[in-house]
Every structure is written in structure tokens, then in C-alpha cells.
Amino acid sequence: MNNTIGHNFLHKSLLRHTLIEHQSKISCSGVSGKALFQSQSSTQIKKSSIAIKFRGDRLNLRKTKLPMGTRHLVSVIPRAVLTTDTTSEQLAGKFCLDENIELQVDFSVPTPGSTIQVNFRVTNGSNSLLLHWGATYDTKGKWVLPSHRPDGTKVYKKKALRTPFVKSGSQFIVKIDVNDPAIQAIEFLIVDEAQNKWFKNNGENFSVKLPPKGKMIPNALVPEELVQIQAYLRWERNGKQMYTPEQEKEEYEAARTELMEEIARGASIEDLRTSLTNKTDESEIKEQQQTSLARGSDTKIVIPDELVQIQAYIRWEKAGKPNYTPDQQIREFEEARKELQVELNKGLSLDDIKKKIIKGEIQTKVSKQLKSKSYFCVERIQRKKRDLMQLLSRHMTEWTEEKVPLPIKKTELKAVEHFAKLKEEQDGGSVLNKKIYKIADKELLVLVTGPAGKTKVYFATDSKEPLILHWALSKKAGEWLAPPPGVLPLDSISLDQAVQTQFVNSSFVDPTYEVQTLELEIEEDSFVGMPFVLLSQGNWIKDNGSDFYIEFRVVSKQVQKDAGDGKGTAKALLDKIAELESEAQKSFMHRFKIAADLMDQATSAGKLGLAGILVWMRFMATRQLIWNKNYNVKPREISRAQDRLTDLLQNSYKTHPHYRELLRMIMSTVGRGGEGDVGQRIRDEILVIQRNNDCKGGMMEEWHQKLHNNTSPDDVIICQALIDYIKSDFDISVYWKTLNENGITKERLLSYDRAIHSEPNFRKDQKDGLLRDLRNYMRTLKAVHSGADLESAISNCLGYSSQSQGFMVGVQINPVKGLPSGFQELLQFVLEHVGDKNVEPLLEGLLETRQELQPLLVKSHDRLKDLLFLDIALDSTVRTAIERGYEELNDAGAEKIMCFISLVLENLVLSSDDNEDLIYCLKGWNHAMNMSKSRDGHWALYAKSVLDRTRLALASKAEEYHQVLQPSAEYLGSRLGVDQWAVDIFTEEIIRAGSAASLSSLLNRLDPVLRKTANLGSWQVISPVEAIGRVIVVGELLTVQNKSYGEPTILVAKTVKGEEEIPDGAVAVLTPDMPDVLSHVSVRARNGKICFATCFDPNILADLQANEGKLLHLKPTSADIVYSAAKEGELTDSISSKSKDDDSLPSVTLVRKQFGGRYAISSEEFTNEMVGAKSRNISYLNGKVPSWVQIPTSVALPFGVFEKVLSDGSNKEVPEKLRSLKRELGEGNFAVLTEIRKTILQLSAPSQLVQELKDKMKISGMPWPGDEGEQRWEQAWMAIKKVWASKWNERAYFSTRKVKLDHDYLCMAVLVQEIINADYAFVIHTTNPSSGDSSEIYAEVVRGLGETLVGAYPGRALSFICKKNDLNSPQVLGYPSKPIGLFIRRSIIFRSDSNGEDLEGYAGAGLYDSVPMDKEEKVVLDYSSDPLIIDGNFQQTILSGIALAGNAIEELYGSPQDIEGVVKDGKIYVVQTRPQM
């Protein structure tokens, strides 16, 4: 009987227990899926033996003859058992629990006659697994709870037992001794207590039957041929009856048990063999074998199992190579057999079937699959362990190497743009149209919005001349219709078919944004637009001689904005491109030639120059520019020009490593090209296709003419459409579907210089030949036009030959030299699995290939271009695989999603310049996955911090792309007349095309899972204050911080950095951003009794934004915010109540401080008249706090020193200038604040100041900067002046105005301290600020200096709480996500210490600057190696020390304190404290 391993490649236990155990993600128990015994009629069966032996990976049954009878043995599934040790042990079963988690159950008898021991072994499990179990006495299955139980077992709800698994080596085990002879079986489930996850057996309990007492015998290897014979004899003794599959398995195991009992009684294997072979006749088995695989009748043809293997493999491959369960494997194998049986029933012979299904490499693939014993699962490559820091690229670049202006920052908007931004936010972003016109050197904005179904038209201009709008409305373009009376603004004058309305001045606090404005509201929707002209002092102003016209709906193509001045671009280059565009439109050859000629200018212009080339090529690739304009070019000429351009890009890649990311993007847009025959093959091979397949007319001839005239990337799509059409059995709708989905319409086909009018129309007999030739042709097209085609990129690197194959003769591509060992096998793996449904192994293969390729990409190589295009293709394939793999994640757990995130992030690291932050994010994810696998209780909390940091990294990358690319897209798009929508989304589409978009999507999937696991909820409430107000949505809190709202307002702000002021009238600020709980804006929110919270749930945030303009009532707790609609009456009551509260607040006044006669004083001399609370508090702590709390030495420049220096004779010009600037400031010109600060920096230091400060610092033991040279003193003096100048920073100035403080009375002392080069910095609030719980200390900790905590640095600090009655048990609330730490050399810091801080009713802390003498170094942080994160003991020591210091200082003052300090070498330093407000 010829029985191949294919019969058993469903049943991996066969090889697992006879050869080498195969570890696989889907390793499962093998239970026979085919019949062991089936009844058939016809010939009489005589007794004979069946001998087996193992040959490699196949199991062959030696052909012998069985006498035939009316019933016979149909098939046998052999099963061997290996001896493991002297203990009697039998395998009960193997089960897959979850992907790579496997359970094995076996029985053993430690000593003869002892109790049966049931062993449960879990591989790849965790220490949170429990065995949930009971025993059964009979088949009814009612559980009993044995009294003899393993240690640690607990009774669960009086219905079951729960026993924890214990780690033993690489496994987790439970051993149960069964001493009750009545127990027949153990039933159980596995519970992962940490994840509250149950593992079941296909929805049922697992059950293992115990062998009868005395049946457990010492294990021995019983040859399978003997088990087969014994099973046959039992079957014959029982009357050759029909068995169910379950009975077959029982009979087979019973046969094994009988033989093992004989061995236990002393028989040898040879004794058994002799006994059994005497009962059988080996010579008569052959006849039985010929029919042993038949089904139902011995007249059926036996289908060889090797064919069934191949058919099953083909089915599996077509299904996308999913991971099948054992049951699915069995079904798949039987379905394959059925399909082959159908073919036999049609009359095909076995030879016909072989020829049909054994094609190409399919038999080799099946053989390989069998060899690796990976049945119905995708093999995985073994990834090398690498140091991720080897991928580090720190190529941070300046914008250009030329003097090109920087892009305008978002906060530096022009006046009309600022007005537009405010109105867009006010109207919910419902912009219908927007244009900015140039009027001489001024601008005119026209903005059309559509809030709540209305049409609003806003006009704004920065012109100072009085303006009148002469306007009408239109129901069709070009007409002037008199507007309805209800539309006319106040004081409008109606004329014949027109209206005149005067512009009015806006009232902005900041004069920088002063504009003249006009607003119209049009309710009738029949009007489509508005014609107008302007009248200024009797002169008519028109749009280049014509009427202005604004449409009320966005049109498909419109250059909405003048090109402008090209700020933030390589303007000279872009102007040159625009000048040459008419020449470039002739053909791709012309465009690529021009681009090559401009490469020197582009690289000399730096990053913005290459950005300009990318924008231009991208506009081309997206069909925004004309590809061909009545110019006939040979494909080889296009290919040659393309090849020259990509050679130049390759050379720039070698010489300009800091521009590599941009150069890769350009190359992927341009395509590969090729010198000589590569381009010519496009022209020649279409002729071969037509000749070989007899299709010389119709659509193929039209396409041929188009290809000869001017080939383009459209030809790749046309070729794919033809292939899809032919594969669908000539369904023409499939042809059009492929074209249309890729942007090719019938109109586009007709627009070619050689138009394609006809549809394809082929004969059925042409199908195979056309498919073969078009697939080959596709490779040629992609080789020229596609920079990201994987197959052609691999072929170019590995080399290929197309000689004497009847298609193209003589093509030879040599392989790239110096490829890493095993690289070709990696590429082969990728190609074999590129279409797999289960994408994780493919992703690992792609990334391993990219990692192997990386060292070659940073070295000079004669085939660098081919290697780059290969890497680009691998990168692109990762992105498409991820998108295809989203379905895998629908029901996936956190670990699976984290695995995908780490793979995509690794891909992004490999493609990015300046990737240090991304690498540390990747290391963070690896650490999070390790924490999860080890069931660390904080894994989700830590993973959430890594997720937040990764989001920040993606936002930073998107912002960089926007700054580098968008100005060039807008300027060049305007110059070339590109569709406005294509310009607007240019950067967004670039980002979407990269790994960052896929990564962002995966983070969004994981975020709610982590928040739920870590019990974070949807909110972090920073200031829990109940509030009623009207919702207004804004982009950045910074843009409205100086605004004053006329009614209680709930601001929903997209961005809050941490240093902003909260505008007057705001009663709540809700944001998805993550300011620290102890940041300046958070402190000011609590001080001002303003509700402030971070919302983590995008759905809740979207709902809040949808409530814009409505009244809401917010009711916060310490961990949540409940909101509901409010009524106008509630708002009125709220205003009245707040007014009473405001009236009860004490008025805030300042007392002007005078110069006390000394320029510098020591800490012992700090008094209320000399210095502020900051200095006095630090002096008070000296000698009073525990000795282990360090207080830095301090001196100060007291109040009045600034005024004294200002009056010094050496500075006589400065006071005069300041008086002039202050007058302007008093008149409302706030722009002079910058000039005031600059003027103060011109002050010279009186010699007496220098001497006194030097003496005080040296007496106090502080280093004197001047000892290191005059330059060091000048650095110190500049820092002192910057502290004084910060009195006039915008934030502080407007804050004092709001509370009506007399700014002239504000005096600034300067606290001088030596900087401690901190390992960590912290801020403590000794009463939890979020909950108000005075029994609880709250603190935040950052790496390096504390400025990243209190300043506008993105990300969160580590946060923790500590109960005051248990200060040695800190509880971490959140891990850090700040990417940047600030570090500094040994230096001096000069801290602001004004008389306007820590006043009752007004918290001025943090408004003024503290300035170090030396510039801090920004360091990208790696938390995966930070002991505060990864070392539990170190973390507990440091956090407890911080809490103890805070508690000691609170006890010293007797009131809650706001404390700042640092940690250096494990020591705690406190640098300042103030009352917590």
C-alpha cells in the first residue's frame, strides 16, 4: 500500500513524534482525518503483514499483498511514540491555544503500581495561566473536585478547581496525581487571568481520558508496521465491520496498547514481529494495496496522495496561504481529493491530471513545504538580532544651502490670513471658496463659508486706504443682479443692478492683524456667485482689467491664490521650471532631460531645491501636467533621458547623505529607465505580441501606435487591464473597471496623440498566448516606468537573460555583485509570499531583506541605482502588505497589533533621514512587547506612553514635510495652473503614500485597547471645575490666548503646548493634546477655576466639536467629564454667579520696589524688600530640610538693580529709546514689545555691579564666570539682561493687563544659582491638583532639566502619586512620552524673581524667563535603557525620595507646596518652592 506523507501532512503529530518536532505558529495535535477502517465488497482478504519505513520526509508502506475478501482494510494512519525517559509516559494530546501557544497533555506513572500523573505543559505561555479543571466518573461529564490537588489549587465558585501553571525551563507546567481509581477523565479549560481570556477546545471543554489502572506500561517504541498488523487482526476478529472515524482511532490505539502490554510482560519487539508475521502472509498484500485508497468501490481509480498534496497546496495558495486549524486542514485535504475525483469522473486520466496541475514550480514548492514540515502554514524566515542603533541617521539639514527665506510659521500669519483663520474656525471650517488677490502691494481676501446651510461672504484687506465694495449677485456666471434687500449690510447704497458698501476697520488687540472688513450673509441658495469691483478715492480697482468674481461653491480647477513671493521655496529654480514647462510638455523625454539639466541648481539650493524637483515630478506623475503634446518620441529616447536623470539622482544620493529621503521620493516618482534596449523593448515587444497572437488590428494596433509615439505610465495600467480582461474570460466590464480605478477614462484614452478608440476583442483560442506574452510585456513596461515594482527590481539586481525564448532575444542583465550571503533566498521568499493573506511572515521577510540591503546603500556601488530601486520597491511592498493585513487585526489582541506597529515603524526607520526619535520609539515598542509577554502589570501603561511618543514623532514628520514641500507645491502649482485641490492636499497625499499613514492607522486601533487595559478612561482631568458655556472650536490655544470672549466659552482646542495663557471669558479648555498636569497652562487653569482636560477618545472629541455654537454643561470628576446640553437660563445664572465670585476676589496691587544700595546680595540677606518670594523661599529652606535634601547655593541681584543700571551714565541712550517705545505701547502698538526687549539687551554693566556680584558669588562658593575669560562674563551678563527683558514678553504683559496690574510697578530681581547638570528634574504638588486630595502627593519627572516639563515641550512627563501615610510606595500613573531632554554643562542659571508672582488672587509664576548662561543641549531620549523606567528598585528609590522631600517641605511650611527640583547621582536637590495655588 503506497501511502505518502501527503496523506498525513494534515497530521503533524506523526512526524513530530517520529522525527524532529517542528515548531510552528499553528503547531497542533494531529488526529487522523482519513478513515482507518472502511468496509468494501468484492474480494476475500487473507492475513498478511504491512511493513513500513521512513524515508526522509515521506512515509512509505512497503507494497505487499493482502488476500481480498468481502471486507478489507481501507487505509491506515500510523502513529509512533518515542521513549523519553524511564518514567512510563504516554501522550494524551496536543492543542493549539492561540497562535504560538501550545498545550501538551501526557500521562506517566513515576513508579510501577503508583498513581497516574497527568502532566499539562504549555509552550510560549505566561505566568498568569491557570488550569480550570475537574474530574469525571462517567460519560455524563458532571465534574467532581478531587481532594488530592497540586499546591496552590483553589476552589472556584464550588464548581471547579483552579491551579496556577509553574514555570519550568521554557515551559509552564501543572502536574496532577490521580489516586482515585473511579476517575475516568480530566476535563479542563485554560484561563489567562491577566487578560481575562479563556482558551477552549473549539468552544467546548478539553477532555483527556485516563488509561485504565494497570494499563500504563513503560514506554517503548512500537514499530508502526506492527501496530498496523495488530489493528488489522483486531478488525478481522471483530468481523470487518464499518467503523466511524472515532472508532477507527480507538481501535488503532487499542492495538498499540495490546502490543505495549505484551512488551510489559517481557516480550521483545522481535518476539512480537515473529508472532504477528506468522499470522499473516506478506506476499499476498499487494492486491489489497492497489485498492486500499479507493472509496466505495474497488473499481475506482486510486488518486496518488502526492497529487492530492499538490491540489491541496494550490487551494491553500489561492486562499492567500491562511493559517488553518487542524479541522480546516482535514477538510482542505479532503476537498482537494474531491476536486481531483471530479476531474477523474469527467474522463481525465491520472496522467492528464498530472499535466494539468503540475506546472512550473508548484511541485518544487510542495516538496519544499513538506521538507520543512510546514503544512498549511507559511514558513517564516529567521530574523537576525541586530543593534537598532546601526540604523541611526542623524542627518538634520538646514532648509537650504542658499540664502532662501524660511517658511512662514503658522503663528506668523499675514493680516488677511489671520482674519481668514479666525473666520474659518468660527464657522466650523465649512469653507466653500477662498481667494486672495494682490492689490498693488496689499492683499484682498474673499472667503465664502457655509455654516448651518447659510452662505457667508467675508472680505478683508490690509489696505489702509478707504475702500468701497461695488457688488451684485449672480444666478449664472457673468451677470449682475441686484441683491435682495435683506442681504444688504448697514449703510449700503442701492444702485441700478448693484450695491455699494463701505469697508469698516476691524478691532484687533494686536495691530499687526488690523484689516478692513465686510461681511455678507445670503440665505437664498439660487445665487451661485458674486461679481464686484472696488472703489478707492475715486479710482476703480479691477482684476487685471476685468470684474472680480467669486463663486459660492468650490470649482474643480481654480488657481485661488496668486503665486506670491515664493517664501520657503527655491524660488529661482521653480521660476526656471515654470519657464521651461511648455518645452517639458512635449514628451517625457523632454521633461526628464530638463530635470536632469536642473539637478545641479537643485542640489546647490539644498533641501528646498530637491523639494522643488519632487513637487514638479509629483505633479507630472499625478497627471496634473501634460505628458505629451504632438511630439513623436521613441521609447528608447525616453528611457535614455530617464536613465540620465536617475544616474544624477544616484550620484546626489552618494554625495548628499542628508538629502537621501527626498532623493528616494524623487526616484520612486520618476521610475527606473534604462539605457539602450530596455526602452526600445517597449516598442519592439508589442510587435512580437501582435505577431505571435494574430491580433494586428483594432485596439491592439491603436495601442501599438500610441506606444510607438510616446509611451507613458498609463501603459502599465492598460496592460494590466488587458490581462484582467483576458483572465475574466473576456468580460469587457473588467477591462474598464481596472482602467477607471486607476484614473484612466474613455476620455483620457481618446486624448492621446495616438488615441485609443476601440475596445479589446480577442478569440478564446488566443487566451493562453496573450496572457503569457502580456505578462512578460508588463515586466518590460514596469522596468521603465515604475520605480516601485518589486519583481522587476529584483530581476535587475539578481540578473536575468531572455535569450532564444521567442519573445525578445539577446537581453542580458548582469547580477549585482557583492550581495549578502543568503540574500537571493530572502528575495525568493518575498516573491513566493508577496500575495499571502497572512502578511506577518511576508513583512518579516521584506524587512529582513531591507536590513540586509542597508549596508550597501550607504556605500559607493557601481549599481547603487538598482539597489535603491530594489529598496524602494521593498518599502512600497511593505505598505501594500500592511493595508492588506488590516483584516488580520480585526479580532487581534494588543500583542498582535503591537507586532504590526513595530514592523511598520521599522520600515519607516529604514526610509527616513534623522530617524533617531523613530528608533527610540521602535525600541520602546520592543520593550512594551517584552513587558506584555512577561505579564508585567504596567505593560499597557508603558505601551500607551510609547504610542503617544510615536504619534508625536509622526506629527513632527508631517510638519517637516509640510514646511519643506507645501510652499513649493503652492508656488509652483500656482505658476503651472495646477488644480487647487491637488495643491491643497499635496503634502497630505505624500504622507498617505508612506508608512507613516499606515502606522497612524495602527496606533488608532491600539489606543482604545491600551486605555481600557490600563484603566485610563477617555479623559485626563487636569482642573476639575464645573462649567457652562458656549462651545467654540479653535486650532491652537496660542492663537486666541489674547482674545476676550464676551460670554462664557468652552474652547475645544486641537493644540495646547503648555505655556499659553487662557483667554478671558473661557470657562473650559478641552483638548486632545497632552500638556503636563503641572505645566504653566495647567497651573493657570486651576488657579483661574477653569475646567481643563485632555480627551483621549476621538469620538467624544468629534461630538464636542459637532456641538460648536451650542451651550453645554460640563460636570467633571477627577477622572471623567460628563457633558449635556444647557439652556440660556443656566448660562445667565452662571454669569451672575461668576460675577459675584469675581467681586469677592481681593484686588491685586503692586508696590514699587526701590534700589537698596547694593547690586548683589547673599541668601542670608534676602528680605521682602530686596527679592521676591522665589529667592526668600529657597533661603528659608537652608538648614531646615532633612540633610539628604540638597539646597543649591544662591545669590541675587535685588529689586531696583535694573532701574539703577538703566540710569547709569554708560547707558544714557537706552532710557530715551525705552521711553519712546513705552509711549507707543501705551497707545496700543504691541509690536514694540519685541523692540523693548532688544533695547534692554544693549545695556552695559556698571563696574560696581560686576565687582559686587563677583565678590558675593565667590564668598558663597559659586564659580565666577569671569575667571574663565571675559567672554564667559559677557555670556552671564547677557543672561541677566534677558531675565530683565522678560518683563516685556507678550505672555506676561497681557497677563498683567487682564488683572489690571500696573506694569510699571512690576520689579524684577534675579536669583543666581549654580546649575546642577541633572539626571532628572521634577515638580511636586503636595496636594493632588486633579482630585484635591490632600492626603496624596502628585509629582511629575522628566529626564534632564525641568524646562521640558514646565515649558512648551511636547509629550508627557512620568507622573506618580504617593500617599502621605505610605511614602515608600509610589504609584506610577503614566510613563514619559517626551522625546527631548535638555542637558547642560556645569553653568550658572539666572532666575526671574519678580514682585508680581505668588500674589493672592493672581499667580504670576512662570510668566517670566529664567535664563542659563550656556545653551542647553537637546538630546533625543531612549527610555528603553532608562533605569527609572526599566529598573523597578531604582524607580521606587527615586520616586519615594521625591515624595519624601515634598512631604518634608510641606510640613515645614504647614501648607501645600509647589516644589521644583532635580535628581543628580541619586541625590535630591530642591531649587525652589512656593505655595500651591
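In this text the structure is predicted, and so the values were computed from the model without any measurement.

(A) Spatial organisation of the overall build of the protein. Tallying secondary structure elements over the protein gives 45 helices and 48 strands in all. Counting across all 1477 residues of the protein, residues that qualify as buried make up 55%. Sequence-distant contacts in the protein: of pairs separated by 6 or more residues, those separated by 24 or more amount to 71%. With the model as given, the accessible surface of the protein reaches about 62900 Å², and the carbon-plus-sulfur share is 48%.

(B) The arrangement of the packing of aromatic side chains in detail. One pass over the full model with this rule turns up 28 aromatic pairs. Both rings, one in F459 and one in F503, keep their centres 6.3 Å apart while their planes meet at 85°; by these two values the pair is edge-to-face. With F459 in strand β17 (residues 455–461) and F503 in the loop between β20 (498–502) and β21 (504–505), the pair connects residues that are 44 residues apart, well separated along the chain. Judged by relative accessible area, which is 0%, F459 ranks as buried. Owing to a relative accessible area of 3%, F503 belongs among the buried residues under this scheme.

(C) Representation of the packing of helix α27 (residues 894–911) against helix α32 (residues 995–1013) in the model. As a packed pair, α27 and α32 sit with axes 9 Å apart at the nearest point and diverge in direction by 155°. One finds that α27 runs roughly antiparallel with respect to α32. For the pair α27 and α32, the crossing hand works out as left-handed. Only S995, A996, S998, L999, L1002, L1003, L1006 and V1009 of α32 make contact with α27, whose side of the interface consists of A894, I897, M898, F900, I901, V904, L905, N907 and L908. Looking at the contact of α27 with α32 residue by residue, the class counts come to 14 nonpolar, 3 polar and no charged.

(D) Spotlight on the sheet that holds strand β44 (residues 1387–1394). Taken in spatial order, the 5 strands of this open sheet run β35-β37-β38-β44-β45, and their pairing is antiparallel. Only two strands of the sheet have a single partner each, and these edge strands are β35 (1161–1162) and β45 (1411–1412). Pairing geometry for β35 and strand β37 (residues 1194–1197), over 2 bridges, is antiparallel. Directly across from I1161, in β37, lies its bridge partner A1196. With respect to the sheet, helix α36 (residues 1173–1181) is in contact with β37, β38 (1308–1315) and β44, its orientation differing from that of β44 by roughly 120°.

(E) Molecular detail of a positive patch on the surface. On the surface, a cluster of positive charge is contributed by R1152, R1219, K1222 and R1223. Positionally, R1223 belongs in helix α38 (residues 1213–1226).

(F) Main features of the environment of G1381. In this fold, G1381 is placed in strand β43 (residues 1380–1383). With 40 residues separating them along the chain, G1381 and L1421 place their C-alpha atoms 6.3 Å apart. Setting aside residues up to four positions removed in sequence, G1381 forms contacts with R1343, T1348, E1417, K1418, V1419 and L1421.

(G) Quick look at the side chain of T449. Examined against the element boundaries, T449 turns out to sit in strand β16 (residues 442–449). Those residues within four positions of T449 in sequence are excluded, and the remaining contacts are D427, S430, V431, L432, K454, T455, K456 and Y458.

(H) Structural view of the pattern of salt bridges. Under the defined criterion, the tally for this structure stands at 74 salt bridges. Close ionic contact of D192 with R935 constitutes a salt bridge, the shortest N to O distance being 3.0 Å. Remark: R935 occurs in the loop between α28 (916–933) and α29 (939–976) and D192 occurs in strand β12 (residues 185–192); sequence separation between them is 743 residues. Overall, the relative accessible area of 2% leaves D192 in the buried class. Here R935 falls in the buried class, since its relative accessible area comes to 19%. R863 is paired through a salt bridge with D866; the nearest N and O atoms lie 2.5 Å apart. D866 matches R863 in its accessibility class, with the two residues each being buried.

(I) Representation of the confidence of the model for the protein within the structure. Within the protein, residue pLDDT values average 81, and 83% of them lie at 70 or more. Across residues 216–220, where pLDDT falls below 50, the model places 25 contacts with residues more than four positions away in sequence or in other chains. Note that residues 803–810 has pLDDT below 50 and, in this model, 19 contacts with residues that lie over four places away or in other chains.

(J) The arrangement of unusual backbone geometry in detail. With a phi angle near 70°, D491 is a residue other than glycine that sits in the positive phi range. Along the chain, D491 falls in the loop between β18 (468–471) and β19 (493–495). Within the chain, R935 stands out as a residue other than glycine whose phi angle is a positive 60°.

(K) Structural view of the sheet that holds strand β22 (residues 516–522). Strand order in this open sheet of 5 strands is β15-β16-β17-β22-β21, and the pairing throughout is antiparallel. The sheet is open, and its two borders are formed by β15 (431–439) and β21, each paired with just one other strand. Relative to β22, β17 runs antiparallel, the two being bridged by 7 bridges. Residue pairing for β22: T455 is matched across the bridge by I522. Of the strands in this sheet, β15, β16, β17 and β22 are in contact with helix α10 (residues 415–426), which crosses β17 at around 160°.

(L) Representation of the packing of helix α11 (residues 571–584) against helix α14 (residues 607–621) in the model. Taken N-terminus to C-terminus, the directions of α11 and α14 make an angle of 30°; their axes are 10 Å apart at the nearest point. Judged by the inter-axis angle, α11 sits roughly parallel to α14. Where α11 crosses over α14, the two elements pack in a sense that is right-handed. Facing L573, L574, I577, E581 and A584 of α11, the residues of α14 in contact are G609, G612, I613 and W616. Residue composition of the contact of α11 with α14, by class: 6 nonpolar, 2 polar and 1 charged.

Conventions used here
Residues numbered from 1 in each chain as written. Predicted model: local features only at pLDDT ≥ 70, side-chain atom pairs only at ≥ 80, totals over all residues. Heavy atoms only, no water. Helix = DSSP H or I, 4+ residues; strand = E, 2+ residues; numbered from the N terminus. Buried < 20%, exposed > 50% of the residue type's maximum accessible area, 1.4 Å probe, protein only. Contact = heavy atoms within 4.5 Å. Areas by Shrake-Rupley, 256 points an atom, 1.4 Å probe, with all protein chains shown as cover. Phe/Tyr/Trp six-rings, centres within 6.5 Å; stacked < 30°, edge-to-face > 60°. Axes fitted to C-alpha atoms, helices over the stretch in contact; angles between N-to-C directions. Parallel < 35°, antiparallel > 145°, perpendicular 65-115°, else oblique. Left-handed = near helix turned anticlockwise from the far one by under 90°. Nonpolar A, V, L, I, M, F, W, Y, C, P; charged D, E, K, R; others polar. Pairing = 2+ DSSP bridges. Patch = residues over 30% accessible without salt bridge, like charges linked within 9 Å, V, L, I, M, F, W, Y side chains within 5 Å. Salt bridge = Lys/Arg side-chain N within 4 Å of Asp/Glu carboxyl O. Lys, Arg positive; Asp, Glu negative; His and termini not counted. Charge placed at Lys NZ, Arg CZ, Asp CG, Glu CD. pLDDT = per-residue confidence, 0-100.

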